Amino acid sequence: MNLLATIATVEVWDQEYPVPRDILLEKAKRSDGLYVMLSDRIDREIIDAAPHLKVISTLAVGYDNIDLEACKEKGIVVTNTPDVLTDATADLTFGLLMAAGRRFIEANRVLMNGEWKTWSPYFMAGQRIHGATIGIIGMGRIGEAVAKRAAGFDMRILYHNRSRRVEAEQTYGATYCSLPDLLCESDYVVLLTPLTEATKGLMGAEEFAMMKSTAVFINASRGATVDEEALYQALKQGTIWAAGLDVFGQEPIPTNHPLLSLPNVVALPHIGSATYETRDRMAMLVSENLVAVLSKGEAITPV
């Protein structure tokens, strides 16, 4: 905020819950720039009502909450925060993989509930990680960072992407393959695609049916990339073995959501990049983008 205050008058919504729609609309009408979160829906109504708007800077890599086409028509620059959150999100993603595969949360509940009475060879047994096959759907910056971690566990790395990533293949021994082949062969399927019209509902009943019954599904992309009812049925019926989820179709997810009732689901409240250092760097980059556009007309990290 101090940086922004050097070039502009700054108004801040300082509550923990998202800014109400009517207030956002009213403030946008006289703003030159907007500093927004994923929870802020910046659609055509907001953009058409803001004649002075020059830049929208979002505290995220994803920007599916912003109408890019409307911004393009109005000449409004949109910026995001790539790179600075790559490692934090990859750490969280691989942590979800380990927690779901080795049943960390379920085992902790058994212990805390006083259900650890004895020991047997298969007590709280999970799926192996070292030497297993990981399939990464979406080999962007975060996908490559997850591949780097998987390589450290001597995992066989498959990936599916819109285009080949030759450098990742050479560096981590990753193998490009079709989505059906990836689903059939992987022990861990990790979804890291951006949310677009092409990826909306990408993982549904047909895709889960292709996976191994011992496979673990991880989603650290966006909730809308998955048919949650199909995922629930796949987990409940044993079509797949477990899931680790950091994102959901509705956020915050209702506590009575069926997925949260399953013991083979590790669920987190969308905290992929939530380390103090990463969030500080993201927040500063948002401000730096706003200052750059409003003072020089050029963004640092434009979408």
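Residues numbered from 1 in each chain as written. Predicted model: local features only at pLDDT ≥ 70, side-chain atom pairs only at ≥ 80, totals over all residues. Heavy atoms only, no water.

Taking an unreviewed UniProt entry as the reference, the chain is identified by name as Glyoxylate/hydroxypyruvate reductase B belonging to Brevibacillus laterosporus LMG 15441. Its UniProt record gives the chain the following Sequence similarities (unreviewed entry) comment, quoted word for word: "Belongs to the D-isomer specific 2-hydroxyacid dehydrogenase family. GhrB subfamily." (UniProt positions renumbered as here; feature names shortened; annotations may be inferred.)

Before going further, it helps to spend a moment on the sheet that holds strand β6 (residues 175–176). If you walk across this open sheet you meet the 7 strands as β6-β5-β4-β7-β8-β9-β10, and the pairing is parallel. This sheet does not close on itself; its edge strands, each paired only once, are β6 and β10 (265–267). Bridge count between strand β5 (residues 156–160) and β6: 2 bridges; the pairing is parallel. For L158, the partnering residue across the bridge sits in β6 and is T175. Against the sheet, helix α6 (residues 141–152) touches β4 (133–137) and β5, its axis set at about 175 degrees to β4. (Pairing = 2+ DSSP bridges. Helix = DSSP H or I, 4+ residues; strand = E, 2+ residues; numbered from the N terminus. Contact = heavy atoms within 4.5 Å. Axes fitted to C-alpha atoms, helices over the stretch in contact; angles between N-to-C directions.)

The next thing to look at is the domain arrangement of the chain. What the domain assignment reports for the chain is domain 1 (4–80 + 275–296) and domain 2 (85–267). Each of domain 1 and domain 2 was reduced to a C-alpha centroid, and the two centroids are 32 Å apart. Tallying the contact residues gives 7 residues for domain 1 and 4 residues for domain 2. Approximately 490 Å² of surface area, both sides summed, lies buried where domain 1 meets domain 2, with 68% of it carried by carbon and sulfur atoms. Interface area lost by domain 1 to domain 2 is led by V61, D64 and T278, which between them contribute 66%. Where domain 1 packs against domain 2, one counts 1 salt bridge. A salt bridge links D64 to R222; the shortest N-O distance between them is 3.1 Å. (Domains from an automatic or database assignment. Buried area = accessible area lost by both parts, 1.4 Å probe. Salt bridge = Lys/Arg side-chain N within 4 Å of Asp/Glu carboxyl O.)

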